[in-house]
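# Structural overview
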Amino acid sequence: MSKYLEEQKENIQRVNQLVTDLSKAGEVREQLAHYKEKYNRLIKKYEELDSVFQFHKRIVQNISSGIITTDQKGDITFLNKSALELLGYESREVLGKPIHTLFAEPQKVKEIFQQIFEQHKMFESQEINLKSSGDEIVPIGFSTTLFEFTNGQQGVVFIFRDIREQINFRRQMSRMDRLATLGELAAGLAHEIRNPLGGIKTSSEVLLETFSPGDFRAQLVSRVVKEIDRSNALLQRFFNFAKPSRPKPAFHSLPNIVDGVFLLLRSRMLKRKVSYKTEFGSDSTNIYIDESQFEQVILNLLLNAMDAMPEGGHIELVSSYEPHTLATVGQKEPGAILIRVKDDGAGIPPEKIENIFLPFYTTKSDGVGLGLSICIRLLDENAGRLEVESELGRGTVFTIYLPYINQTQQES
Ligand SMILES: Nc1ncnc2c1ncn2[C@@H]1O[C@H](COP(=O)(O)OP(=O)(O)OP(=O)(O)O)[C@@H](O)[C@H]1O
Ligand SMILES: [Mg+2]
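Just so it is clear, the model here is predicted, and its values are computed rather than measured.

## Thoughts on the overall build of the protein
Looking only at helices and strands, one finds 10 helices and 12 strands in the protein. A compact globule built from 412 residues would reach a C-alpha radius of gyration of about 22 Å, whereas the protein, at 38 Å, exceeds it by more than 25%. In terms of principal-axis extent, the alpha carbons of the protein reach across some 175 × 55 × 40 Å. The buried share of the protein, reckoned over its 412 residues, is 21%.

Quick look at the structure:
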């Protein structure tokens, strides 16, 4: 009997235990629900943070400025897309490398980073040269920021921009400045010289009539008259350069102008064994320009190209329309017509290329050195510009930029 009771007692205890366990299960379930809610909230927060992170990452990656970050040793920890594109590297090729290895003047960069870390100096709108993977030198403008990680370590954010275009424009402006002063001087001088020359010519012509045609003195005096004519022609060129007449722009057919100039040079080109080809891209045949000024530009470029190929060669004139390019700084709507004049002549040594646009710079025994200065001047008057690329021994390309003007819009 007592055994039976014992058993019942044990059963009751087991049931009691079960009941307490069950009531605990409720508690556990409650806690579980609590944790689950917390977990869901965390997941939501994580997703929000992740989308903010992705948003910032996209901005950093797609911004047109290059961004490089380094650790406190100056070793690269991150580069955005623009930085990689400009440098021509894959991320893995440069990550972990010292940042100064990306520059043309590494010592200068080492000093900059030393000043950032030691004196907490910040650099703003400075200029320096990058060296791309293909060893191309790329001038950049840059700013730096020192920042501190949460673990107390420091790093640098290096933000930069390609400033090649800016430098080109800057050079052009200073060239124009110099040209303007020189031009005024030349115009004054030419004017002063032209008057006495006129007097000498008239006197010589009178004198000439006093000699019989066979007289050797008649030959001498007619030589004087010829030399005066040559000097006058030269002075006329000074004038053109110094004070180009106000352009009278209108719409003209580029192929017509170009064909006309080639026609003018045909016999000279045949004699010099120079062949040529022209190619006019779509949307690039209608130009808004002063016709005779533009003819002069093309003529000067073709004459130079021929001079660069004394043994004969080939000239190509190619035009194209570039909707996103600006012909000059002040142009309001983008869009330019590019006219490339390419020769396969002697080329220009890199150290001389800056000089060729200077007035009176010439390497020719019979050159005046005004051809290109006149081109620049005339193109400037017509809201255009001129650029050059050359490779010694291979040839030269001059590129004329003219603003693209849509005739239909202009007329409506
Ligand atoms: N296509 C070219 N290839 C090689 N060198 C060139 C070319 N065009 C110009 N140059 C260089 O630039 C210099 C200046 O050219 P620019 O036309 O201003 O003067 P120039 O031809 O010497 O004299 P001119 O006043 O008779 O034109 C030239 O003397 C020449 O050295
Ligand atoms: Mg010339």
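The rest of the description comes next.
## Brief notes about the pairing of strand 9 (residues 313-322)
Two strands pair when backbone bridges link them, and strand 7 (residues 274-280) and strand 9 are joined in this way by 7 bridges, in the parallel orientation. Paired with S275 across the strands is H314, a residue of strand 9. In the sheet, strand 9 pairs with strand 10 (residues 336-343) via 8 bridges, with the strands oriented antiparallel. By the bridge assignment for strand 10, E322 is matched with A336.

## Digging into the site of ligand 1
As a structural note, the neighbourhood of ligand 1 is formed by 21 residues, with N304, A308, T362, G367 and G371 the closest of them. Mapped onto the shell around ligand 1, the elements with two or more residues apiece are helix 8 (291-307) and helix 9 (371-381). Split into classes, the residues belonging to the shell around ligand 1 amount to 9 nonpolar, 10 polar and 2 charged.

## Digging into the sheet that holds strand 9
Pairing within the open sheet is mixed, and its 5 strands lie in the order 7-9-10-12-11. Strands at the two margins of the open sheet, each flanked by one partner only, are strand 7 and strand 11 (385-391). Each neighbouring strand pair of the sheet contributes to a mean axis angle of 15°, computed without reference to strand direction. Strand direction decides the pairing type here: strand 11 and strand 12 (residues 395-403), joined by 7 bridges, are antiparallel. Among the inter-strand pairings, L386 is bridged to a residue of strand 12, identified as I400. Across the sheet, helix 7 (residues 254-271) lies against strand 7 and strand 9, angled at about 175° from strand 7, the strand it touches most. Seen against the sheet, helix 8 touches strand 7, strand 9, strand 10 and strand 12 and runs at an angle of roughly 25° to strand 10.

## Some details on the packing of helix 8 against helix 9
Axis separation between helix 8 and helix 9 bottoms out at 9 Å; the angle between their running directions is 150°. Classed by the angle they form, the pair helix 8 and helix 9 counts as roughly antiparallel. In this structure, helix 8 meets helix 9 at a crossing whose hand is left-handed. In this structure, helix 8 contributes Q293, Q296, V297, N300, L301, L303 and N304 to the contact, and helix 9 contributes G371, L372, I374, C375, L378, L379 and E381. Residues belonging to the contact of helix 8 with helix 9 are distributed by class as follows: 8 nonpolar, 5 polar and 1 charged.

## Description of the sheet that holds strand 4 (residues 137-148)
As summarised here, the arrangement of the 5 strands in space is 2-1-5-4-3, forming an open sheet in which the pairing is antiparallel. Edge positions in the sheet fall to strand 2 (76-79) and strand 3 (126-131), since each has one partner strand and no second. With direction set aside, neighbouring strand axes in the sheet form an average angle of 35°. In the sheet, strand 4 pairs with strand 5 (residues 154-162) via 9 bridges, with the strands oriented antiparallel.

## Comments concerning unusual backbone geometry
The backbone of K273 shows a phi angle near 55°, a positive value even though the residue is not glycine. With respect to the secondary-structure elements, K273 resides in the loop between helix 7 and strand 7.

## Looking at the nonpolar core
Membership of the largest hydrophobic core comes to 41 residues, with the highest contact counts inside it found for V297, L301, L302, V341, C375, I400 and L402. Tallying contributions element by element places helix 8 first for this core, with 7 residues. Other than its neighbours up to four places away in sequence, V297 contacts C375, L378, L379 and I400. In terms of nonpolar packing, the next biggest core, distinct from the first, is built from 19 residues, I99, V109, F113 and I140 among them.

## Some points on helix 9
Counting buried positions along helix 9 yields 9 of 11 residues, so the element is predominantly enclosed. Buried within helix 9 are the following residues: G371, L372, S373, I374, C375, I376, R377, L378 and L379. Positive phi appears at A383, one or two residues downstream of helix 9, with a value of about 60°.

## Some details on the packing of helix 7 against helix 8
In the contact formed by helix 7 and helix 8, the axes pass within 9 Å of each other and the chain directions differ by 35°. Helix 7 and helix 8 meet at a crossing whose hand is right-handed. Taking contact as the criterion, the partners of I257, V258, G260, V261, L265 and M269 in helix 7 are, on helix 8, E291, F294, E295, I298, L299, L302 and M306. Its residues assigned to classes, the contact of helix 7 with helix 8 comprises 10 nonpolar, 1 polar and 2 charged.

## Topic: the pairing of strand 10
Both strand 10 and strand 12 contribute to a ladder of 8 bridges, which runs antiparallel. If you follow D343 over to strand 12, its bridge partner there is T396.

## Here's the deal with the environment of G384
Position of G384 among the secondary structure elements: in the loop between helix 9 and strand 11. Taking the number of C-beta atoms within 10 Å as the measure of exposure, G384 has 24 and is therefore buried. G384 sits 28 residues away from I356 along the chain, and the two C-alpha atoms are 18 Å apart. Residues in contact with G384, not counting those within four places in the same chain, are A327, T328, L379, I400, Y401 and L402.

Rules behind the numbers
Residues numbered from 1 in each chain as written. Chains lettered and ligands numbered in written order. Predicted model: local features only at pLDDT ≥ 70, side-chain atom pairs only at ≥ 80, totals over all residues. Helix = DSSP H or I, 4+ residues; strand = E, 2+ residues; numbered from the N terminus. Rg over C-alpha atoms; globule rule 2.2 N^0.38 Å. Buried ≥ 20, exposed ≤ 12 C-beta atoms within 10 Å, placed from the backbone. Pairing = 2+ DSSP bridges. Near = placed C-beta within 6 Å. Nonpolar A, V, L, I, M, F, W, Y, C, P; charged D, E, K, R; others polar. Axes fitted to C-alpha atoms, helices over the stretch in contact; angles between N-to-C directions. Contact = placed C-beta atoms within 7 Å. Parallel < 35°, antiparallel > 145°, perpendicular 65-115°, else oblique. Left-handed = near helix turned anticlockwise from the far one by under 90°. Core = buried A, V, L, I, M, F, W, Y, C linked by C-beta atoms within 7 Å.

Just geometry here; none of it tells us what the structure is for.
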